[in-house]
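The lines below spell out each chain.
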Amino acid sequence: MSEKNNTNDKLLAMQREQGPILEVKDLKVDFTTGDKNVVHAVRDASFTVYPGQWVAIVGESGSGKSTSAMAVLGLLAGTGHVVGGSIKLEGEEISGDTRRQYEHLLGDKMGLVPQDPMSNLNPVWRIGSQVEEALKANHMDVSHEKRSNLAKALAGADTEPQDEDQQADDDETFIGSKELPDLLEAARQALDEAGVAGKKAENVMDYFTEEWIPGSETRWRVADDLIKAGVAEEKAWTIAKSYVLGSTMTDRVAGLLQEAGLPEAATRARQYPHEFSGGMLQRALIAIGLACRPDLLIADEPTSALDVTVQKKILDHLQSLTNELGTAVLFITHDLGLAAERAQHIVVMYKGQVVESGPSLEVLQHPQHPYTKRLVAAAPSLASQRIISAKEHGENAEKLMEHHVKGEETLERSEHIITVSHLTREFRLPRRKEMFKAVDDVSFSVKRGTTLAIVGESGSGKSTVANMVLKLLEPTSGTVTYEGQDISGFKGKDLLDFRRHVQPVFQNPYGSLDPMYSIYRSIEEPLRIHKIGDKKSRAKRVRELLDLVRMPQSVMQRYPNELSGGQRQRIAIARAMALDPDVIVCDEAVSALDVLVQDQVLQLLNDLQAERGLSYLFITHDLAVVRQIADEVVVMQKGRLVEHATTDEVFDHPRQQYTKDLLDAIPGGKLRLGLD
Amino acid sequence: MGKYLLRRILQMIPVVLGTTLLVYALVFALPGDPVKAMFGDKPINAAVAAQIRAEYNLDKPFIVQYLLFLKNALTLNFGNTFAGQPVISEIGRAFPVTIKLALMAFCFEAIFGVVFGIISGLKKGKWYDSVILIVSLLLISVPTFVTGFLGQYFLGVKWRLLPVTAGSDPGFLDLLMPAMVLGSVSMAYIIRLTRSEVSSNIAEDYVRTARAKGMSNRSVIVRHVLRNSLIPVVTYLGQDLGSLMSGAMISETIFNVHGIGFLTYQSILKGESNMVVSIVTLLTLIFVVCNLLVDMLYAALDPRIRYA
C-alpha cells in the first residue's frame, strides 16, 4: 500500500514538475452551415490534462465534447474550424498548425480511440495492416518498446539511472516469434538446473507460454520472470540476452493487438473488419491508438456502442494499459457514472460551454450547475432506486388489476397476459451440420400491468424471444400464449386482432420510422390498417397520441429526419399506442438514446403504464435501465434462461455468477454518492 | 468458389438459348422477304427463288429453322450469307476491328473518367469541379451521333487533326475519334460515379482514424479513399466493356468503321437471320462472361463479398 502511495506521490510530483501535457484555453469552434449561418459548437472551453491523468469530458450529444476533442487533434469535420483560444500540447501552441504539422503530432504524440468501432476501420484492409500503417506512419522501431516520457521519468526516479542509455534500450527489446520456441526451451532447461521440477515447473512454463508474447514482452521482463521463477540472476540475463533479439513487424502488430486484449492475435490480424465483433473491433482500435505510445490518448466514447459487460472489460483493459504506459487519457462520454468511475477529473460541457469542472467525486457529490445536477440524477448507473413514478405505479397497477378483476368478462382472464413455455428456436448456420440454438427451452410469463425485463448480452437470444412473442418468427418448439390462447394458431382476423393488442417498439428510432412518411402518416398508419374511425376521428386520435407522448402537435407535418433520436422514439411509442394495445414489447427501446433522453422515455413508459395498465416486455442489455423500470427480471445467457426473479431480488441477491458479472459491469455501480 | 463458378457457367446456357430464340424470332418477324430483296429490280424467277429458299431453309416453319440453326451452331457451322460467304469468316473479319475500337474507348473512358472524377471529388465545390460536372452533364445529355458529327466537323474537317472516317482496315489514328466518341458517355458516368464515391468516402470515419494515426495526406488518400472508391468504378468499367462491344453500332456507322456494329446493321437490312443471330449469340456470350468476370473481380476487391 505504502509503495502505491509512494508511486502516486511521485506521479503527482512529476505532473507538477512536467506541467500539463494538454492545456486548452478559451477554445472556440464554429461550424458554417450551408446558408452561411455560423453555429458556435464550442464556446470558451478550457480544460487541462496532466501526464498520466484520466480527464473525462461529460455532456449530452451536441454539447461540444467530441468537437473539442477533434479540435485538439486537428481533425474537425467538414466546415468546422477553431476561431479562438489556444491549444497547447506540452507547452507548445498547436491550434494554428497546418495539416502537415499535425501529421507529426498525430500517432506518436496524440492517439485517438474513436467512437463507433464498426465504421472506424476500413472494410477492405486486414486488421493487421491497419495497425501496421500506424507504426509505419511514425517510423516506429518495431523491435524495441518505446516508453512514454512519463514512464521514463518515473522509471528514472525509481531506480538510479542505469549504466548507459544504450543498455536500457536493449532491455526494451521485444521477443521475436522466431526465437520464441528456443527461448522457452532454454527457460525449461534453466528451470531444471535451478531445481524447479514437476507440477511447479509445468505451471511456470504455462505462465511463460501465456505471458511471453512476441512483439509485446520485453527482454527485461523475460529476465525478471525467470528470476522470479527461481533462475539465478546471471543465468536469467544470459538467456534473455541470447534469445530475445527483437521482433518483426508482424510480431509487433500481433503483440499490440494481444496487449489490447484480442486473443489469438497473430491469426486475428489477418482477418478483415467484418469478421470481428464490435468489442473486438474496439480492441483493434485501442491497439491502433496506442501503437506509437502517445503521451496523450483521446478516447471519444470508446465503448458507448458496446454491451455493458464488454464495455467494462474494454475500459478495464484500457485503464491498465494506459497506467502501465503512463499515457494520459482524455475520455469523452455521456455517462457521468462512467466518467466518475474512470477519471480523476471531470469536465462537464453543456451547449458548447464548460459549465463545471473538478475532481470526479467532488463533481458527483456536490454538483453546482443545474445541468450537472440533472446529469447526476439521470445517469442510469447512478440511480439507486427505481424511478419514483414506477414505485407509485406499482401500487396503481395492483389497484388497476383489482379493478380489472371486478370488471365483467375479465373473470376468466388469467393473471398472466403473455406466457411463454419451453420456447426453443434453432437456426441453420452456413457450412454447419448441427443447428444453432438461439433460444433454448425458455419459459416465463408477464403479469398483467407489470413489466418483465429480459436481460442478456448481445447474442443471448433475447431479441429472438421478443420476435417470437410478436409472432414475427415461428418457434422451433414450445408455445407463446396471449390471454390464454396459443398465438401459433392465429391467422387472418385473429392475427390482426393479436397485432392490435401486442405492439412493438424497436431499438433504432432512426430505422423504425419510414423516412418518406410524415409523422402524422406514421402514427395514423396502424389506425388505417385496422380500419378504425374515419379521417377526422383518426386525426383527432393522432393529436391525442402526440399529447400522450408529450410532443407538440406541430410535429405532425414534419419528417423523421427533422427530429432527434429521443423525439423519434416518442413517435414510435405513440404509434405503438395508437391501437390501445395491452402489451408493448420494447426491444432495446432506449439503448440508442442519450442518458437524459433515455430517462425521459423511461419516465414516459412508466407513466403510460400507470395510466393505462399496460404490460411491458422489456428487452435490454443494460441492467441499470432494468432497475428503473422492471418488476421482474429474466436473465438470459447463450439462449438459456439462467435466472428469473423480482427486480429487487436480482439486484440484492443475484444467484448466478453471470448475473453478478452483469451487475458488476454497470458503470459507476460501486460509487457511493452523497446525493440529496 | 469452384461450385459457384460452375453454377454461373451453367446459368449461361439458358441465357444464350433464350436470347438466340428471341433474336431469331425478331428477325423472322421483320417485314419484307429477303429472297425478293436479293433480286432487287430484276423479275423474280420462281424456280430460283424456291431453290434459294430450300437452301437457306426459308421454306420451313420458324421453329424448325431455329432448331436447324442451333444444330449447326453446335458444330460451329453458322451457315452462309445470301452472298455465299461463310458467316463465321465475315464475323472474323469484322470482330478484330470492333475489339480494337472497344479497347481504345475503354482505355479512354477509364483513364480520363477516373482521373477527372478523383480530382473533382477531392476538390468538391471548387470552380474546377463545377466545370467537370457541367462538361460531363453535356456529354451524357447529348446523343452520340451529335457528338460524333461535331467531332467530325471540328477535329476532322475544320482543324484537320484526325481522319474523318475510318474505312475498312483502320489504324490507331483512324480509330481515335470513333473511340473517343464511343467512350464519351461512359466516361461522363465514370466521372460522376468516381466523384461521388471519393467525396463520400473522404468523410468516412475510417479516413479520420487513418489521419489520427499520423499518416501523410497522400497515403490516406491512396490507401483509404481511392482504394474504397474505385471498387464500384471498376465493376462499372467491367460491365461497360461488354456494352462497348455491342453498343458500337452508331459510332461504327457514323465513322464507317467496318466492325461488328456495322455488320449487324447491314445484315438486319438484308434480313440475314443467320448472320444477325450469330453475332448476337457472340455478343451475349461476351456480355455474360464480362458479367462473371466483374463479379469475380468484385469479390477480389472487396473482402466482404464472398460467393458460396
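Computed from a predicted structure; not experimentally measured.

K.L.:
Describe the overall build of chain B, listing the residues and the values that go with them.
P.N.:
Summing up its helical and strand segments, chain B has 13 helices and zero strands in all. Traced from its N-terminal end to its C-terminal end, chain B shows the element sequence α-α-α-α-α-α-α-α-α-α-α-α-α. If you line up chain B on its principal axes, its C-alpha atoms span 85 × 60 × 30 Å. Taken across its 308 residues, chain B has 34% of its residues classed as buried. Considering only residue pairs separated by 6 or more positions, chain B has 73% of its internal contacts joining residues 24 or more positions apart.

K.L.:
Give a description of the overall build of chain A that names residues and reports values.
P.N.:
What chain A contains, in helices and strands, is 27 helices and 20 strands. Burial analysis of chain A (676 residues in total) assigns 47% to the buried set. Relative to all contacts within chain A whose residues are 6 or more apart in sequence, the contacts with residues 24 or more apart total 73%.

K.L.:
Describe the interface of chain A and chain B, and please don't skip the residues or the numbers.
P.N.:
Put simply, an interface is often sized by how much accessible area is lost when its parts join up. Counting residues at the interface gives 24 residues for chain A, matched by 20 residues for chain B. Elements with a minimum of two residues in the side of chain A that touches chain B: α3 (99–105) and α4 (127–137) of chain A. Here the side of chain A that touches chain B gets three residues from one element, more than from any other, and that element is α4 of chain A. Across the side of chain A that touches chain B, the residue classes tally to 13 nonpolar, six polar and five charged.

K.L.:
Give a detailed account of the sheet that holds strand β14 (residues 477–482) of chain A, specifying residues and quantitative values.
P.N.:
All names here are of chain A. One open sheet accounts for four strands, arranged β12-β11-β14-β15; its pairing is antiparallel. On the outer flanks of this sheet lie β12 (435–447) and β15 (485–486), each paired with one strand and no other. The pairing of strand β11 (residues 416–428) with β12 spans nine bridges and is classified as antiparallel. By the bridge assignment for β12, T419 is matched with S445. Set on the sheet, helix α19 (residues 462–469) makes contact with β11, β12 and β14; between it and β11 the angle comes to about 120 degrees.

K.L.:
Describe α19 of chain A, and please don't skip the residues or the numbers.
P.N.:
Side chains that are three or four residues apart share a direction in an α-helix, a result of its 3.6 residues per turn. Residue and element names in this part refer to chain A. Burial analysis of α19 places eight of its eight residues in the buried class, the great majority of the element. Every buried residue of α19 is accounted for by K462, S463, T464, V465, A466, N467, M468 and V469. Positive backbone phi, at 60 degrees, marks K471, one or two positions downstream of α19.

K.L.:
So what's going on with the packing of helix α9 (residues 219–229) of chain A against helix α10 (residues 233–243) of chain A? Residues and values would help.
P.N.:
All names here are of chain A. One way to put it is that α9 packs onto α10 with a least axis distance of 8 Å and a crossing angle of 145 degrees. In terms of crossing hand, the pair formed by α9 and α10 is right-handed. Residues R219, V222, A223, L226 and I227 of α9 form the contact with α10, whose own contacting residues are E233, A236, W237, I239, A240 and K241. Residues belonging to the contact of α9 with α10 are distributed by class as follows: eight nonpolar, no polar and three charged.

K.L.:
Lay out unusual backbone geometry in plain terms, naming residues and giving numbers.
P.N.:
Residue and element names in this part refer to chain A. Within the chain, E264 stands out as a residue other than glycine whose phi angle is a positive 45 degrees. Here E264 is to be found in the loop between α11 (249–259) and α12 (265–268). A residue is classified by how many C-beta atoms lie within 10 Å of it, and E264, with 10 of them, is exposed. One non-glycine residue with positive phi stands out, namely D580, at about 55 degrees. Looking at D580, the number of C-beta atoms within 10 Å reads 12, which means it is exposed.

K.L.:
Describe the nonpolar core, with residues and values.
P.N.:
Within the largest apolar cluster, 147 residues are counted, with the highest numbers of intra-cluster contacts made by L257 and A284 of chain A. If you tally residues by element for this core, the top one is helix α8 (residues 172–201) of chain B, at 14 residues. The residues contacting A284 of chain A, other than those within four sequence positions of it, are L121, I127, L257, A260, L262 and F276 of chain A. I418, V446, M577 and I666 of chain A belong to the second largest nonpolar core, which has 70 residues in total.

K.L.:
Which residues make up the pairing of strand β3 (residues 54–58) of chain A, and what are the values?
P.N.:
Residues and elements named next belong to chain A. Burial within β3 is extensive, with five of its five residues counted as buried. Residues W54, A56 and V58 point to one face of β3 and V55 and I57 to the other, with burial holding for every one of them. Where β3 meets strand β8 (residues 328–333), five bridges bridge the pair, whose relative direction is parallel. Each residue of the ladder has a partner; that of A56, found in β8, is F331.

K.L.:
Can you explain α10 of chain A? Please cite residues and give values.
P.N.:
Residues and elements named next belong to chain A. All of the buried residues along α10 are A236, I239, A240 and Y243. Buried residues along α10 cover an arc of 95 degrees about the axis, so they all sit on one side. Facing away from the buried side of α10, by more than 90 degrees, are the exposed residues E234 and S242. In this fold, the buried residues of α10 make contact with α7 (180–193) and α9.

K.L.:
I'd like to hear about the sheet that holds β8 of chain A, residue by residue, with values.
P.N.:
Residue and element names in this part refer to chain A. Read across the sheet, six strands follow the order β6-β7-β8-β3-β9-β10 without closing on themselves; strand pairing throughout is mixed. Pairing within the sheet leaves two strands with one partner each, and these edge strands are β6 (110–113) and β10 (353–359). Shown here is a sheet whose adjacent strand axes are inclined to one another by a mean of 15 degrees, direction ignored. In this structure, strand β7 (residues 296–300) lies alongside β8, joined through five bridges in parallel fashion. Following the sheet pairing, D300 is matched in β8 by I332. Its contacts with the sheet put helix α13 (residues 278–290) on β6 and β7, and the angle it makes with β6 is roughly 175 degrees.

K.L.:
So what's going on with the confidence of the model for chain B? Which residues, and what values?
P.N.:
For chain B, per-residue confidence averages 86 on the pLDDT scale, and 98% of positions sit at 70 or higher. Confidence estimates for the predicted assembly give a pTM of 0.72 and an ipTM of 0.78.

K.L.:
Just give me the short version of the confidence of the model for chain A, but keep the residues and values in it.
P.N.:
On average, residues of chain A score 81 in pLDDT, and 86% of them are at 70 or above. Here residues 158–166 of chain A scores under 50 on pLDDT; set against residues more than four positions off or in separate chains, the count is three contacts.

K.L.:
Go over the pairing of β10 of chain A with me, naming the residues and quoting the values.
P.N.:
Residues and elements named next belong to chain A. With six bridges joining them, strand β9 (residues 345–350) and β10 adopt antiparallel strand pairing. Across the sheet, Y350 pairs through a bridge with Q353, a residue of β10. The turn linking β9 back onto β10 is made up of two residues, and K351 within it adopts a positive phi angle of 50 degrees.

K.L.:
Describe the packing of α7 of chain A against helix α8 (residues 198–211) of chain A, naming the residues involved and giving the relevant values.
P.N.:
Residues and elements named next belong to chain A. Following both chains from N to C, one finds α7 and α8 inclined at 155 degrees, their axes separated by 11 Å at the closest point. In terms of orientation, α7 and α8 fall into the roughly antiparallel class. Judged by the sense of rotation from one axis to the other, the crossing of α7 with α8 is right-handed. Contact residues: α7 offers L184, A187, R188 and L191, while α8 offers A201, V204, M205, F208 and T209. When grouped by side-chain class, the residues that make up the contact of α7 with α8 number seven nonpolar, one polar and one charged.

K.L.:
Break down the environment of D631 of chain A for me, with residues and values.
P.N.:
Tracing the chain through its elements places D631 of chain A in the loop between α25 (623–629) and β19 (632–637). In the structure, D631 of chain A is positioned 17 residues away from D648 of chain A in sequence and 8.2 Å away in space, judged by C-alpha atoms.

K.L.:
Which residues make up the environment of D206 of chain A, and what are the values?
P.N.:
Residues and elements named next belong to chain A. Relative to the helices and strands, D206 resides in helix α8. Exposure remark for D206: the 10 C-beta atoms within 10 Å place this residue in the exposed category. Once the C-alpha coordinates of D206 and L191 are considered, the two residues, 15 residues apart in sequence, prove to be 13 Å apart.

Conventions adopted
Residues numbered from 1 in each chain as written. Chains lettered and ligands numbered in written order. Predicted model: local features only at pLDDT ≥ 70, side-chain atom pairs only at ≥ 80, totals over all residues. Helix = DSSP H or I, 4+ residues; strand = E, 2+ residues; numbered from the N terminus. Buried ≥ 20, exposed ≤ 12 C-beta atoms within 10 Å, placed from the backbone. Contact = placed C-beta atoms within 7 Å. Nonpolar A, V, L, I, M, F, W, Y, C, P; charged D, E, K, R; others polar. Pairing = 2+ DSSP bridges. Axes fitted to C-alpha atoms, helices over the stretch in contact; angles between N-to-C directions. Left-handed = near helix turned anticlockwise from the far one by under 90°. Core = buried A, V, L, I, M, F, W, Y, C linked by C-beta atoms within 7 Å. Arc of directions from axis to C-beta. pLDDT = per-residue confidence, 0-100. Parallel < 35°, antiparallel > 145°, perpendicular 65-115°, else oblique.

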